[in-house]
Amino acid sequence: RRRALVTSAALISAPALVLPRFARAAEFTYKFGTNLPATHPLNVRAMEAAERILKDTGGQVQINVFPNNQLGNDADMLSQLRAGGLEFFTVSGVNVLSQLVPISSMWGLGFAWADDDAVHKALDGELGKYLRAQFPKVGLMAMDTVWSSGFRQTTNSVRPINTPDDLKGLKMRVPVSPLWTSLFKHLGAAPASINFAETYSSLQTKVVDGQENPLAIISIAKLYEVQKYCSMTNHMWDGYWCMTNRKVWDRMPEKARPIIAKHLNQAALDMRADGVKLNASLRPELTAKGLTFNDPKLGPFRERLIASGFYAEWKQKYGDEAWALLEKHTGKLG
Ligand code: X2X
């Protein structure tokens, strides 16, 4: 009787991505929340990791992936993670997390990186270690490997962006984050902080003119349906930390922890390769779907940021130590 009840409850609240069942129900069931549509490689790779974890723990640990803001928007998921109600959350370092741990937004500084390899090298090395060391101070813990989202491009429904002046007065949706707002203000746009969960509708209803994201997300979240121009501004790199709560982690079965970490880190590496490939290959498909692309010269954007004091302002916020660590990888900024 009891079992029948549990089964029907599980069916009602079943996530979109359900794992093949082991003969016995798993002893430990954890939730993994994301803000991206189910078909994005982040979710595909997270699911793959969940299957491997279930298998390698002999059916003891089952991780259910809840994509597409099913558990709430980024701010909601961060609260749940902090309260211990959500066990895993892939969250952008530059997004809501940076309200709690400002330094986590550092990799998102405008026009900082040469290419994906340069970022990955820094994040797999001492910069990543330095950033991860900040999270335990607020009760959180990040898995070692960052899940890359990639370089971001600018879309809007008004005009192609060829120079910084073209951004002037444009209402741009940016994630809820001081760095994002600052970057677009310094570039002359009018940024509005909106969670990703509400981005499509805010573009559709013209609450904002534009937004910025990597091509993989522009494609998978179908943002091309409500945008006209895509300018290859490559203005910012972003990725996701796979976050857990320290106390929650410490309560997970000791033998399972290295298995969980291993497969989540492997998934992050696999997703990097998926993302780099998608971001580099989607332009023809998005063009066919109606987006008009252009390739602005990026020098003038960076010069605008230097002249307006953007880098100096953020150097002061992040501190000299972190800044020096970053510039070891990016070269001198500003
Ligand atoms: O909110 C966004 O634009 C997204 C999906 O790229 C992030 O999570 C930062």
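Procedures and definitions
Residues numbered from 1 in each chain as written. Predicted model: local features only at pLDDT ≥ 70, side-chain atom pairs only at ≥ 80, totals over all residues. Heavy atoms only, no water. Pairing = 2+ DSSP bridges. Helix = DSSP H or I, 4+ residues; strand = E, 2+ residues; numbered from the N terminus. Axes fitted to C-alpha atoms, helices over the stretch in contact; angles between N-to-C directions. Contact = heavy atoms within 4.5 Å. Near = heavy atom within 4 Å. Polar contact = N/O pair within 3.5 Å; in protein donor to acceptor, adjacent residues only side chain to side chain. Areas by Shrake-Rupley, 256 points an atom, 1.4 Å probe, with all protein chains shown as cover. Nonpolar A, V, L, I, M, F, W, Y, C, P; charged D, E, K, R; others polar. Phe/Tyr/Trp six-rings, centres within 6.5 Å; stacked < 30°, edge-to-face > 60°. Buried < 20%, exposed > 50% of the residue type's maximum accessible area, 1.4 Å probe, protein only. Lys NZ or Arg CZ within 6 Å of the ring centre and 35° of its normal. Salt bridge = Lys/Arg side-chain N within 4 Å of Asp/Glu carboxyl O.

## A few points about the sheet that holds strand β10 (residues 229-231)
The six strands are arranged β8-β7-β9-β6-β10-β12 in an open sheet whose pairing can be described as mixed. Both edges of this open sheet fall to β8 (190-193) and β12 (292-294), since each of them pairs with a single strand only. The average undirected angle you get between the axes of adjacent strands in this sheet is 30°. For strand β6 (residues 153-156) and strand β9 (residues 210-213), the ladder comprises four bridges, and the chain directions are antiparallel. Across the sheet, Q153 pairs through a bridge with N213, a residue of β9.

## Some remarks on the side chain of S98
For S98, the position within the fold is in helix α4 (residues 97-100). Excluding residues that lie within four positions of it along the chain, S98 makes contacts with G93, S104, S105, S177 and P178.

## Things to note about unusual backbone geometry
Even without a glycine there, the phi angle at N69 is positive, about 60°. Structurally, the position occupied by N69 is in the loop between β2 (61-66) and α3 (74-83). A positive phi angle is found at N234, which is not glycine, with a value near 40°.

## Observations regarding the site of the ligand
As a structural note, the neighbourhood of the ligand is formed by 13 residues, with N35, R152, R173, N213 and Y240 the closest of them. Here R152 contributes a side-chain N or O atom positioned 2.9 Å from an oxygen atom of the ligand. Contacts to the ligand include Y240, whose side-chain N or O atom sits 3.2 Å from an oxygen atom. Taking 270 Å² as the accessible area of the ligand by itself, protein coverage stands at 100%. Within the shell around the ligand, the residues separate by chemical class into six nonpolar, four polar and three charged.

## Details of the packing of aromatic side chains
Evaluation of the coordinates by the stated rule reveals eleven aromatic pairs. Ring centres of F135 and W241 lie 5.3 Å apart, and the angle between their planes is 75°; on these two criteria the pair is classed as edge-to-face. Taken together, the residues span a long stretch of sequence, with F135 in the loop between α6 (126-132) and β4 (140-142) and W241 in strand β11 (residues 237-245) at a distance of 106 residues. When sorted by exposure, F135 lands in the same class as W241, which is buried. By way of ring pairs, the aromatic residues F28, Y30, F32, F88 and W147 are connected into one cluster. K228 extends its terminal NZ or CZ atom over the ring of Y229, reaching a point 5.4 Å from the ring centre. Positioned over the ring face of W314 is K317, at 4.3 Å from the centre of the ring.

## Considering the environment of K129
Relative to the helices and strands, K129 resides in helix α6. Sequence spacing of K129 and N265 is 136 residues, and the spatial spacing of their C-alpha atoms is 14 Å.

## Some thoughts on the pattern of salt bridges
This model, assessed by the stated rule, comprises 14 salt bridges. As a salt-bridge pair, K289 and E285 come within 3.3 Å of each other at their nearest N and O atoms. Exposure remark for E285: the relative accessible area of 40% places this residue in the partly exposed category. The partner of K317 in a salt bridge is E313, and the shortest N-O contact between them spans 3.2 Å. With K317 and E313 both in helix α14 (residues 310-318) and four residues apart, this pair spans about one turn of that helix.

## Some remarks on the pairing of β8
Here is the key point about a regular strand: its side chains alternate between the two faces of the sheet. The pairing of strand β7 (residues 171-174) with β8 spans four bridges and is parallel. Residue pairing for β8: V174 is matched across the bridge by S193.

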